[in-house]
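# Observations on the three-dimensional arrangement
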There are 2 protein chains.
Amino acid sequence: MPATKDKPSRPNAFYAQSGGVTSVINASAAGVIDACRRHRGRIGKLYAGRDGIVGALTEDLIDTSKETAAAVRALKWTPSGAFGSARYKLKDLEKDRAKYERLIEVFRAHDIRYFFYNGGNDSMDTAHKVSQISDQMGYHVTCVGIPKTVDNDLPVTDCCPGFGSVAKYVAVSTREAAMDVASMARTSTKVFILEVMGRHAGWIAAAGGLAGRKAGEAPHIILFPEIAFDQARFLARVKECVERYGYCVVVASEGTRSADGRFLADMGTRDAFGHVQLGGVAPTLATMVKEAHGYKFHWALADYLQRAARHIASKVDVEQAYAVGRAAVELALAGQNAVMPVIVRRSSRPYRWTIGSTDIADVANKEKMVPRHYITADGFGITAAGRRYLLPLIGGESYPPYKDGLPDYVVLRKARVRRKLKTNFVI
Amino acid sequence: MPATKDKPSRPNAFYAQSGGVTSVINASAAGVIDACRRHRGRIGKLYAGRDGIVGALTEDLIDTSKETAAAVRALKWTPSGAFGSARYKLKDLEKDRAKYERLIEVFRAHDIRYFFYNGGNDSMDTAHKVSQISDQMGYHVTCVGIPKTVDNDLPVTDCCPGFGSVAKYVAVSTREAAMDVASMARTSTKVFILEVMGRHAGWIAAAGGLAGRKAGEAPHIILFPEIAFDQARFLARVKECVERYGYCVVVASEGTRSADGRFLADMGTRDAFGHVQLGGVAPTLATMVKEAHGYKFHWALADYLQRAARHIASKVDVEQAYAVGRAAVELALAGQNAVMPVIVRRSSRPYRWTIGSTDIADVANKEKMVPRHYITADGFGITAAGRRYLLPLIGGESYPPYKDGLPDYVVLRKARVRRKLKTNFVI
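Within every chain, residues take consecutive numbers counted from 1 along the sequence as written. Here every chain gets a letter starting at A, and every ligand a number starting at 1, in the order they are written. A pLDDT threshold of at least 70 governs which residues receive local features in this predicted model, and a stricter bar of 80 or more applies before side-chain atom pairs are shown or counted, although totals over entire chains, interfaces and linings include all residues.

## Observations concerning the overall build of chain A
Rules: Secondary structure counts use DSSP, requiring at least four H or I residues in a row for a helix and at least two E residues in a row for a strand, with both numbered from the N terminus. Using C-alpha atoms as the atom set, the radius of gyration is obtained and then compared with a globule rule of 2.2 Å times the number of residues to the power 0.38. Residues are called buried when their C-beta atom has 20 or more other C-beta atoms within 10 Å, exposed when it has 12 or fewer, and partly exposed otherwise; all C-beta atoms are positioned from the backbone. What counts as a contact here is a pair of residues whose C-beta atoms, placed from the backbone, lie within 7 Å.
When helices and strands are counted, chain A shows 12 helices and 14 strands. Its C-alpha radius of gyration of 23 Å places chain A within 12% of the 22 Å reference for a compact globule of 427 residues. For the C-alpha atoms alone, the extent of chain A along its principal axes is close to 75 × 45 × 40 Å. Going through the 427 residues of chain A one by one, you find that 60% of them count as buried. Taking all contacts inside chain A whose residues are at least 6 apart in sequence as the whole, residues at least 24 apart take part in 75%.

Spelled out as structure tokens, the structure:
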């Protein structure tokens, strides 16, 4: 606990968005803002970092109290990171001590006693370290993580806000594209491949499996990072599908890899596609199919479209994103430190969930893969258990308002907080 | 006119879907079916071709009277070609005379006197030729085209059903992805490229321009097939945008080409991407940017997702698609032959349209490009005039009903009509 003389009567709070943004991370921001406003008696100002943690390091803070109630409401239906997010990982306390100390210095200068960090595994690690160093430095900061990741790979929590909406986008898009292909397969495209995100965990690819309900319905093949890619088996299955159903739809994770761990996007044709980070699994698979079977093919790479698609967000996901934001503030005010709110599933049918919490250390730097029993024995589909887990997460629609045919997304005012420190920090 | 003895009291009608399908072509089908049902006294059965014109050639007809009213209603919100479509072009009367004669033979066998052909330029050419040969063969068939193409490249009609929904998808997706990129550009991706359809005409790429309203808003660069690609100018503009706005969003038509007419997708890295039909403009551009400036980039290729995206269809588009289907039947019953209903724009603000008609010969095999005055002087954006044309076409939302988190699209019964001919036809 901090020395009494350091403690302002109404300490301020700091919120930052971290890592890849999602279509609902701003709903979490709205939850944090609403909760802080509700607890005006105990929390002074809520500041946000411009471009995430970078804003804290450079003392570039945004005063969220300058945002109107209407703007905060609109955050619930606005994708992207409204305050700016950053891919900026703080390393070990030893290696990056100066950065951690700078954070505390900025927090101290602005009477910030609450740190809400909205991100994934790496960010939870950072929040954990900040909570440690703040006490070492004699300036206690309550650190609460807020889960966010389209990859759905955080442990402990039943699911991650951000995932449900990508899952819905991928399931809907797969169904739509599959119907398109099916209706023209006789004289046109026979094989369609959709490449989706998920470098290490195949949750997003798995969600594509929701597009079909009965045997024979697309997608006919899902490629998971968790299942070693076997070219001969893949090509045989494609052929079997085309011969049986007239067409074949494949949903492939960008993290599809062979038994020796090599990413498919790294094989053969990689260089021509530019940087490997950008996928290339779909065209690689398409080329294999063309060479082996001669089928006409098409492929799509949704990339950022999938994680920004607020227009087709899952209502459940939006509600959970908002709820974890609000819960983070409640946890902090209840005296919890170095924790993260989690989604707890009470039942799948009907879907019932509530908010719990976990130690942030149990989440930091850990990844949750798709369990083997969610994947069919042949490795190409999802099981009934996988479907039972996934289906509730895409439940309900939550449409943004439209103006002139386009979603009416908000751009915040982002009023700058006057700086107090004389030193600059170059990131 | 046919001899009286050939004329049944209630002749039958035939409807076929042709070419690349759209998210609203089934709304046109619903318009045709509804109108035929309304005119039961004058039209007997409405048959549909299984897999388009292929179904007529092979005498594989679907009896639409077996579809329930609920199923027909659901066609209005179901993407793809519900009866199956075909990429199957009939050539000149001389070259493909046997096929045309086979068509008339099938029509005669099933008392079909009305032919409704739902497609693009090629299909209008076919419909025109069928109307000619039917009279030459002494079996009069009234041929009415129904416009459909995501490319919006049919002349005479103000716009083409199918385009408005792709336009909306591209505009919405561009806005969403651009917000995502903008919010992370400081530490992550600086350049994002979305490749869209439109091999010859840049209408779909132009629609991406609706995502931004003010100067500096994304997309910062649009690449049209109508404007010769100039690598140096493109790279200079990318740099300028990144330096001024912190990021750069590009919407590139798959038909982007250089002054000598070579498609960008055909240049340099083509082979590695497999078949050229599948795009490759986005990765080609991305590689250029990376090599010239070293910026971190991402790209997306929406492919079929854009034309199948009924979940984000334009309400105006759905209504127009339905209206041209219904109008085709009305035109035929009014004694018009070799015509096509068209969309006539009465005013842009407020948007008012009505249905007119044109001779099918004026549409066949012609392409309407984006006029130069819709494109900014620098060739990288759309003008106020272009915006005035495009904006009404993405107006309004028309959501499908959902079940378990997914759109509740219909799959038709597609009851087969008993064959009457002894001869088979191999396509």
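## Thoughts on the confidence of the model for chain A
Residues and elements named next belong to chain A. Definition in use: You can read pLDDT as the predictor saying how much it trusts each residue, on a scale of 0 to 100.
Here chain A averages 94 in pLDDT, while 95% of its residues score no lower than 70. Taken as a whole, residues 1-7 scores under 50 in pLDDT and shows five contacts with residues more than four places along the chain or in a different chain. With pLDDT under 50 throughout, residues 268-279 is counted as low confidence; its partners more than four residues away or in other chains account for 30 contacts. Here the predicted complex scores 0.96 on pTM and 0.96 on ipTM.

## Some remarks on the relation of the copies chain A and chain B
A rotation about some axis, followed by a shift along it, carries one copy of the chain onto the other. So the rule is basically this: A least-squares fit on C-alpha atoms brings the copies together, and the residues used are those whose pLDDT is at least 70 in both copies.
For the pair chain A and chain B, the best superposition has an RMSD of 0.0 Å and corresponds to a rotation of 180 degrees with a translation of 0.0 Å parallel to the axis. Such a combination of rotation and displacement between the chain copies is what one expects of a two-fold axis. Across chain A, the rotation axis passes nearest the C-alpha of leucine 301 of chain A, at a separation of 2.5 Å. When the interface residues of chain A are mapped onto chain B, 100% of them are again interface residues, pointing to one common binding face.

## Some details on the nonpolar core
The test is simple: Take the buried Ala, Val, Leu, Ile, Met, Phe, Trp, Tyr and Cys residues, join any whose C-beta atoms are within 7 Å, and the set you get is a nonpolar core.
Counting 294 residues, the largest nonpolar core has Phe14, Phe116 and Ile193 of chain A together with Phe14, Phe116 and Ile193 of chain B as the members making the most contacts within it. Residue contacts for phenylalanine 116 of chain B: discarding those within four places in its chain leaves Ala13, Phe14, Tyr15, Val32, Val144, Ile146 and Ala328 of chain B.

## Thoughts on the interface of chain A and chain B
To keep things clear, this is the line we draw: When residue character is reported, Ala, Val, Leu, Ile, Met, Phe, Trp, Tyr, Cys and Pro are called nonpolar, Asp, Glu, Lys and Arg charged, and the others, Gly included, polar.
Listed per partner, the contact involves 65 residues of chain A and 65 residues of chain B. Elements represented by at least two residues in the side of chain A that touches chain B include exactly strand S4 (85-86), helix H6 (163-184), helix H9 (281-293), strand S10 (297-301), helix H10 (304-308) and strand S14 (406-407) of chain A. For the side of chain A that touches chain B, the leading source of residues is H6 of chain A, giving 13 residues. Of the residues in the side of chain A that touches chain B, the class split is 34 nonpolar, 18 polar and 13 charged.

## Things to note about helix H8 (residues 231-245) of chain B
What counts is decided by this rule: The length a helix should cover is 1.5 Å for every residue beyond the first.
Relative to the 21 Å expected for 15 residues at 1.5 Å per residue, H8 of chain B spans 21 Å between its end C-alpha atoms, a close match to the ideal helical length. In the stretch just after H8 of chain B, glycine 246 of chain B is the one whose phi turns positive, near 95 degrees.

## Here's the deal with helix H6 (residues 163-184) of chain B
The terminal C-alpha atoms of H6 of chain B lie 32 Å apart, and with 22 residues this matches the ideal 32 Å at 1.5 Å per residue to within 8%. Most of H6 of chain B is tucked away, with 22 of its 22 residues classed as buried.

## A short note on the environment of alanine 300 of chain B
Inspection of the secondary structure puts alanine 300 of chain B in strand S10 (residues 297-301). On the basis of neighbour count, alanine 300 of chain B is assigned to the buried category, with 26 C-beta atoms found within 10 Å. Once residues lying within four places of it in the same chain are set aside, the contact partners of alanine 300 of chain B are Leu301, Ala302, Asp303, Tyr304 and Leu305 of chain A together with Ala177 and Leu194 of chain B.

## Some thoughts on the packing of H8 of chain B against helix H9 (residues 281-293) of chain B
Residue and element names in this part refer to chain B. Here is the rule: Here an angle of 0 to 180 degrees is reported between the N-to-C directions of two axes, which are lines fitted to C-alpha atoms, with helices fitted over the stretch in contact. Each angle receives one of four descriptions, namely roughly parallel if under 35 degrees, roughly antiparallel if over 145, roughly perpendicular if within 65 to 115, and oblique otherwise. With the far helix as reference, a near helix turned anticlockwise by less than a right angle produces a left-handed crossing, and one turned clockwise produces a right-handed crossing.
At a minimum axis distance of 10 Å, the contact between H8 and H9 shows a crossing angle of 70 degrees. The angle between H8 and H9 falls in the class roughly perpendicular. Judged by the sense of rotation from one axis to the other, the crossing of H8 with H9 is right-handed. On the side of H8, the interface is formed by Gln231, Leu235, Val238 and Lys239, while H9 contributes Met288, Val289, Ala292 and His293. The residue inventory of the contact of H8 with H9, partitioned by class, reads five nonpolar, two polar and one charged.

## With respect to the pairing of strand S12 (residues 352-359) of chain A
Sheet faces and side chains relate simply in a regular strand, where the side chains alternate between the two faces. Stated formally: Following DSSP output, two strands are said to pair if at least two bridges run between them.
In terms of strand pairing, strand S11 (residues 339-347) of chain A meets S12 of chain A through eight bridges, oriented antiparallel. Each bridged residue has a counterpart across the sheet, and for arginine 345 of chain A the counterpart in S12 of chain A is tryptophan 353 of chain A.

## Some thoughts on the packing of helix H1 (residues 25-38) of chain A against helix H11 (residues 315-333) of chain A
Residue and element names in this part refer to chain A. Taken N-terminus to C-terminus, the directions of H1 and H11 make an angle of 35 degrees; their axes are 7 Å apart at the nearest point. Once H1 is placed against H11, the crossing between them reads as right-handed. Counted together, Ile25, Ala27, Ser28, Ala29, Ala30, Gly31, Val32, Asp34, Ala35 and Cys36 of H1 and Val318, Ala321, Tyr322, Ala323, Val324, Gly325, Arg326, Ala328, Val329 and Glu330 of H11 form the full contact between these two elements. In terms of residue class, the contact of H1 with H11 is made up of 14 nonpolar, three polar and three charged.

## Quick notes on the domain arrangement of chain A
All names here are of chain A. As a reminder of what qualifies: Segmentation of the chain into domains, including their bounds, is taken from an automatic or database domain assignment.
Under the domain assignment used here, chain A contains domain 1 (4-149 + 312-366 + 397-407) and domain 2 (163-310). A C-alpha centroid distance of 34 Å is found between domain 1 and domain 2. With 16 residues of domain 1 at the interface, the matching set in domain 2 holds 11 residues. Of the residues in the side of domain 1 that touches domain 2, the class split is eight nonpolar, seven polar and one charged.

## Considering the environment of glycine 44 of chain A
Residue and element names in this part refer to chain A. In this structure, glycine 44 sits in the loop between H1 and strand S2 (46-49). Sequence separation between glycine 44 and glutamate 67 is 23 residues, and the spatial gap between their C-alpha atoms is 15 Å. Once you skip the residues sitting within four places of it in the chain, glycine 44 turns out to touch Arg10, Pro11, Asn12 and Asp111.

## Some points on unusual backbone geometry
Residue and element names in this part refer to chain A. Geometrically, the link from alanine 218 to proline 219 is a cis peptide bond, its omega value of 5 degrees lying close to zero. Looking at the element boundaries, proline 219 is found in the loop between helix H7 (203-208) and strand S8 (221-223). Not every positive phi belongs to a glycine, and valine 156 is a case in point at roughly 70 degrees. The partly exposed category is assigned to valine 156, around which 18 C-beta atoms lie within 10 Å.

## Section: the environment of serine 183 of chain B
Residue and element names in this part refer to chain B. Mapped onto the elements, serine 183 comes out in helix H6. With 25 C-beta atoms counted inside 10 Å, the residue serine 183 sits in the buried group. Between the C-alpha atoms of serine 183 and tyrosine 247, which are 64 residues apart in sequence, the distance is 9.6 Å.

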